[in-house]
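Structural overview
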Amino acid sequence: MKRTPRPVLYAVVVLLAVTSAASEAAADDGAGPLGVTAVAAPTARVGALFAAGRHFCTASVVDSPRRDLIVTAAHCLDGGSGELEFVPGYRNGHAPYGVWRVGRRLLPHGWAEGQDEDSDVAFAVVADREGEGVEDVVGGGNRFVAGTATGATAVTVTGYPDSREVPVRCTNRATAHSRTQQRIECPDFSGGTSGSPWVDGDGEVVGVLGGHEAGGATADVSYSVVLAAEAAELYRDAVRI
């Protein structure tokens, strides 16, 4: 489960503490070395979810008419999460784009009725701050796209391990785990990275870390629901609010 801490081998983490701006740009474009996880410069559209003062999951801003929508894993927004805050671009205790209160949460029927791992994706509305939506402050949101073939392009995954105060990032090509689940081999995506967006080279969210084994029983292999009809319907419901 990548929502809460797990006993992983942090001593052998292969995190690159220094990453050049050039290699960061290459990773975002789906190029560069694949399957390498690095400490990343924060990106405005990805942030940490906080409860009771501690970050425990990851979420990202997606494009919506009201400019107030984030996407994450459904298991990050279930009833036990309490009051939540979203901090885009979080790094070392700093909130460069502010702290956003999480309001209405939208979970698919499959998760709400039975915590079906094939429905482990969700949206939430964040409250405006001084009349501005979160997209206004972070410079827009990524497009949420369902129906993309697994592995059609490399994707970049950015998330916040709850053992660290900085994000990590990895680019690789996803493969099919089953008809409804996709997997990606990226080391060191440990507890706290649930909800991390899988972003293709066109800036589209084509996966969300979660699903099988709540995102993965090991830190080196992560999963996402295959975003299909249920996810598309949920997004349509979310933007109508």
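Report follows, based on the coordinates. What you are looking at is a predicted structure, and each value in this text was computed from that prediction instead of being measured.

Regarding the sheet that holds strand β7 (residues 122–126)
Taken together, six strands build a closed barrel; the order of strands is β2-β3-β4-β7-β6-β5 and the barrel is antiparallel. Looking at each pair of strands side by side, their axes are set apart by 45 degrees on average, direction ignored. With three bridges joining them, strand β3 (residues 54–62) and strand β4 (residues 69–72) adopt antiparallel strand pairing. Bridge pairing in β4 links Ser 60 to Val 71. Most of the contacts of helix α4 (residues 229–239) go to β7, to which it runs at about 15 degrees, and overall it touches β4, β6 (100–106) and β7.

Digging into the state of the cysteines
Enumeration over the complete set of coordinates arrives at two disulfides. The disulfide that involves Cys 57 links it to Cys 76, with 2.0 Å between the sulfurs. Of note, the bridge from Cys 57 to Cys 76 carries an S-S torsion of about -75 degrees and is left-handed in sense. Pair noted here: Cys 57 is in strand β3 and Cys 76 is in the loop between β4 and β5 (85–88), with a separation of 19 residues, a long-range link. Cys 76 gets classed as buried once you look at its relative accessible area, which sits at 0%.

So, the sheet that holds strand β8 (residues 143–144)
In space, the six strands of this open sheet follow the order β1-β10-β9-β13-β14-β8, with mixed pairing throughout. Taken across any chain shown, the strands that pair with only one partner, and hence form the sheet edges, are β1 (37–39) and β8. Sheet topology places strand β13 (residues 197–199) next to strand β14 (residues 204–208); three bridges connect them, and they run antiparallel. When the sheet's bridge partners are listed, Val 199 is paired in β14 with Val 205.

Digging into the side chain of His 75
Among the secondary structure elements, His 75 is positioned in the loop between β4 and β5. By relative accessible area, His 75 is classed as buried at 2%. A distance of 2.7 Å separates a polar atom in the side chain of His 75 from a polar atom in the side chain of Asp 120. Here Ser 194 takes part through its side chain, which lies 2.8 Å from a polar atom of the side chain of His 75.

Concerning a negative patch on the surface
A cluster of acidic residues, Asp 116, Glu 117, Glu 213, Glu 230 and Glu 233, forms a negative patch on the protein surface. Mapped onto the fold, Glu 213 is located in the loop between β14 and β15 (221–225). By relative accessible area, Glu 213 is classed as partly exposed at 36%.

Description of unusual backbone geometry
Even without glycine at this site, Gln 115 takes up a positive phi of about 50 degrees. Among the structural elements, Gln 115 can be located in the loop between α2 (109–114) and β7. Positive phi is not limited to glycine here, since Ala 214 has a value of about 55 degrees. Considering the arrangement of structural elements, one finds Ala 214 in the loop between β14 and β15. For Ala 214, a relative accessible area of 16% puts it in the buried group.

Criteria and cut-off values
- Residues numbered from 1 in each chain as written.
- Predicted model: local features only at pLDDT ≥ 70, side-chain atom pairs only at ≥ 80, totals over all residues.
- Heavy atoms only, no water.
- Pairing = 2+ DSSP bridges.
- Helix = DSSP H or I, 4+ residues; strand = E, 2+ residues; numbered from the N terminus.
- Axes fitted to C-alpha atoms, helices over the stretch in contact; angles between N-to-C directions.
- Contact = heavy atoms within 4.5 Å.
- Disulfide = S-S within 2.5 Å.
- Buried < 20%, exposed > 50% of the residue type's maximum accessible area, 1.4 Å probe, protein only.
- Polar contact = N/O pair within 3.5 Å; in protein donor to acceptor, adjacent residues only side chain to side chain.
- Patch = residues over 30% accessible without salt bridge, like charges linked within 9 Å, V, L, I, M, F, W, Y side chains within 5 Å.
- Areas by Shrake-Rupley, 256 points an atom, 1.4 Å probe, with all protein chains shown as cover.
- Salt bridge = Lys/Arg side-chain N within 4 Å of Asp/Glu carboxyl O.
- Lys, Arg positive; Asp, Glu negative; His and termini not counted.
- Charge placed at Lys NZ, Arg CZ, Asp CG, Glu CD.

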